[in-house]
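# Commentary on secondary and tertiary structure
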Amino acid sequence: MEYYFDNCYVMENPNPCRSEPLPFKEHDAELAIRFHRSLPGYQETELVSLPNAAERFHVDAILVKDESSRFSLNAFKGLGGSYCMFRILCEKLGLDEMTADYTTFLREDIRRACGHIEFVTATDGNHGKGVSWAARLFGCKAHVFMPGGSVEVRRKAIEEAGNAVAEITEMNYDETVQYAASLAEKNGWILIQDTSWDGYDKIPGWIIEGYLTMAAEAAGQMNEKQPTHLFLQAGVGAMAGGIASYFLSRGNGSKPLITIVEPKEAACIYRSVSMRDGQIHPVTGNPVTIMAGLNCGTPCGVVWPVFRDHADRFCACADSVTKEGMRAYADPEKTDPKVVSGESGAVTYGLLRKILQSDKLRERFQIDRKSVILLVNTEGDTDPEGYKRIVYDSEDNSSWLE
């Protein structure tokens with residue numbers, strides 16, 4: 001079933017296959033979080049509760065895993081970049097990933113070896129920042145390429161975060177990924193990308209395992225509560241697929257309903273599911289959306305089966321939806337805490353608030369007074385000027401993009 005409401009397209013999964021295995025589980029998260037705890041500056045990000053919003057909308061809880069403070073990077077991506085780089089370097093240098101951690105890489109001989117290793121990636125912003133930051137941690141070099149239309153402030157943030165040279169290309173996201181892959185082959189660099197294709201799935205798998213630290217932290221912070229609903233935003237879907245897989249595979253008998261949310265201009269997961277043949281179908285061309293971190297054309301093959309077989313609903317939303325979410329986070333109900341959320345972080349909250357104000361939509365999304373809804377704020381104000389104009393300008397316009 002497909003339907004439309006208030007700038008949002010919704011599709012219920014036409015052919016879920018719940019018996020299919022899930023690729024990421026609690027054990028994978030335990031390995032990742034053990035490594036992350038060894039990093040300088042590690043601390044759990046906050047699980048923000050919005051009790052007044054929950055009371056207003058007649059649900060048990062609205063919880064937000066707020067990644068805007070992660071490693072001072074203003075986004076969650078450092079988790080995947082650092083853990084993946086750790087696994088790559090362990091393999092390359094003959095270290096045991098089960099016993100090594102970040103302190104192992106402070107040894108002079110290992111540090112010297114890392115200095116000769118170079119990584120390359122394509123990014124809409126936050127992933128590249130995470131790779132740059134990780135490269136500095138390990139003493140490596142990195143090259144980061146961004147698709148056309150990326151804002152200069154995001155490019156500069158990548159270079160300032162760590163040890164990378166960043167460049168904005170004139171290509172779209174998928175073309176930029178292909179370009180980075182060609183440079184890796186040409187120059188002997190290591191491609192560290194969170195999307196996958198035939199023959200390239202181990203490295204994106206390690207990136208996704210790094211993201212599971214968020215899920216493990218959130219599960220522990222929820223104490224006895226269990227999420228009944230997960231609303232997860234997706235670009236290539238690496239984060240969304242990993243988090244969904246983690247919560248669906250937990251052995252507590254609680255299986256949350258999963259809603260995957262994308263910008264309508266780059267809804268590659270929505271499009272792939274809608275074709276009903278079980279295959280990936282990219283979005284082509286040069287889509288334009290303020291949700292820069294979600295502006296991707298091809299779903300990650302590693303987590304595609306999670307969406308195809310286990311997600312319940314798929315939503316494709318206009319930019320106006322994430323603007324509403326950003327403003328609602330910034331101007332919360334009564335004494336609820338404020339959440340600073342960027343364009344790619346707030347679309348799920350904007351969508352959720354629309355659903356909660358309609359009895360018909362609440363019924364379709366199976367939300368009631370007992371619902372415990374978990375969201376992930378994947379980024380803070382990564383484009384500060386854009387954030388200010390969206391959240392604080394009295395007129396709703398997007399001229400800052402031009």
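Residues numbered from 1 in each chain as written. Predicted model: local features only at pLDDT ≥ 70, side-chain atom pairs only at ≥ 80, totals over all residues. Heavy atoms only, no water.

### So, the pattern of salt bridges
Note the following rule: Any Lys or Arg side-chain nitrogen located within 4 Å of an Asp or Glu carboxyl oxygen qualifies as a salt bridge. Numbered from the N terminus, helices here are DSSP runs of H or I no shorter than four residues, and strands are runs of E no shorter than two.
All chains considered together, the criterion is met by 21 salt bridges. Residue Lys-354 is joined to Asp-6 by a salt bridge in which the shortest nitrogen-to-oxygen separation is 2.7 Å. Taken as a pair, Lys-354 in helix α13 (residues 347–356) and Asp-6 in the loop between β1 (2–5) and β2 (8–12) lie far apart in primary sequence, 348 residues in all. One salt bridge in this structure joins Arg-112 and Glu-108, with 3.3 Å as the shortest N-O distance. Here Arg-112 and its partner Glu-108 are both found in helix α4 (residues 108–114), four residues apart, which amounts to about one turn of the helix.

### Some remarks on the confidence of the model for the chain
Convention followed: For every residue, the predictor assigns a confidence score, pLDDT, that lies between 0 and 100. Here, two residues are considered to be in contact whenever any of their heavy atoms come within 4.5 Å of each other.
Averaged over all residues, the pLDDT of the chain equals 95, while 98% of them reach at least 70. A low-confidence stretch, residues 397–402 stays under pLDDT 50, and its non-local contacts, those more than four residues away or across chains, total nine contacts.

### Considerations on the nonpolar core
Generally speaking, a soluble globular protein has its nonpolar side chains buried in company with each other. For clarity, the cut-off: Throughout, nonpolar core names a set of buried Ala, Val, Leu, Ile, Met, Phe, Trp, Tyr and Cys residues whose side chains join them through atoms within 4.5 Å. For each residue, the accessible area found with a 1.4 Å probe, counting protein chains only, is set against the maximum for its type, and the residue is called buried under 20%, exposed over 50%, and partly exposed in between.
Of all hydrophobic cores here, the largest spans 103 residues; its most connected members are Phe-119, Phe-138 and Ile-260. The element contributing the most residues to this core is helix α8 (residues 202–221), with 10 residues. Discounting residues that sit within four places of it in the chain, Phe-119 has contacts with Met-85, Ile-88, Leu-89, Cys-140, Lys-141, Ala-142, His-143, Ile-190 and Ile-192. Membership of the second largest hydrophobic core comes to 40 residues, among which are Cys-8, Val-10, Val-48 and Leu-375.

### Section: the packing of helix α12 (residues 319–330) against α13
For clarity, the threshold we go by: Fitted lines through C-alpha atoms give the axes, limited to the stretch in contact for helices. The angle between two N-to-C directions lies from 0 to 180 degrees. In this scheme, roughly parallel covers angles under 35 degrees and roughly antiparallel covers those over 145, while 65 to 115 is roughly perpendicular and the rest are oblique. Note that Gly is not counted as nonpolar here; it falls among the polar residues with everything else outside the nonpolar set of Ala, Val, Leu, Ile, Met, Phe, Trp, Tyr, Cys and Pro and the charged set of Asp, Glu, Lys and Arg.
Between α12 and α13, the least distance of the axes is 6 Å, while the angle of their chain directions is 90 degrees. On the basis of their axis angle, the class for α12 and α13 is roughly perpendicular. Across the interface between the two elements, Val-321, Thr-322, Glu-324, Gly-325, Ala-328 and Tyr-329 from α12 touch Val-347, Tyr-349, Gly-350, Leu-351, Arg-353 and Lys-354 from α13. Looking at side-chain class alone, the contact of α12 with α13 contains six nonpolar, three polar and three charged residues.

### Let's talk about the packing of aromatic side chains
The line we're drawing: Aromatic pairing here means that ring centres of Phe, Tyr or Trp (its six-membered ring) are within 6.5 Å. Orientation follows from the plane angle: under 30 degrees is stacked, over 60 is edge-to-face, and everything else is tilted. A ring is scored as having a charge over it whenever the NZ atom of a lysine or the CZ atom of an arginine sits within 6 Å of its centre and within 35 degrees of its normal.
If you walk through the whole model with that rule in mind, you get 17 aromatic pairs. Between the aromatic rings of Tyr-246 and Phe-247, the centroid separation amounts to 5.2 Å while the plane-to-plane angle is 85 degrees, which identifies the pairing as edge-to-face. Just as Tyr-246 is buried, Phe-247 falls in that class too. Taken together, Phe-35, Tyr-83, Phe-86, Tyr-102, Phe-105 and Phe-138 form an aromatic cluster joined through their ring pairs. Over the aromatic face of Phe-365 sits the side chain of Arg-313, whose NZ or CZ is 5.3 Å from the ring centroid.

### Observations regarding the packing of α8 against helix α9 (residues 238–249)
The condition is simple: Left-handed describes a crossing in which the near helix is turned anticlockwise from the far one by less than a right angle; the clockwise case is right-handed.
Interaxial distance between α8 and α9 falls to 9 Å at its minimum, and their mutual angle equals 50 degrees. As far as their axial angle goes, α9 and α8 are oblique. Of the two elements, α8 crosses α9, and the hand of that crossing is right-handed. Along the contact surface, α8 presents Ile-208, Tyr-211, Leu-212, Met-214, Ala-215, Ala-216, Ala-218 and Ala-219, while α9 presents Ala-238, Met-239, Gly-242, Ile-243, Tyr-246 and Phe-247. Residue composition of the contact of α8 with α9, by class: 13 nonpolar, one polar and no charged.

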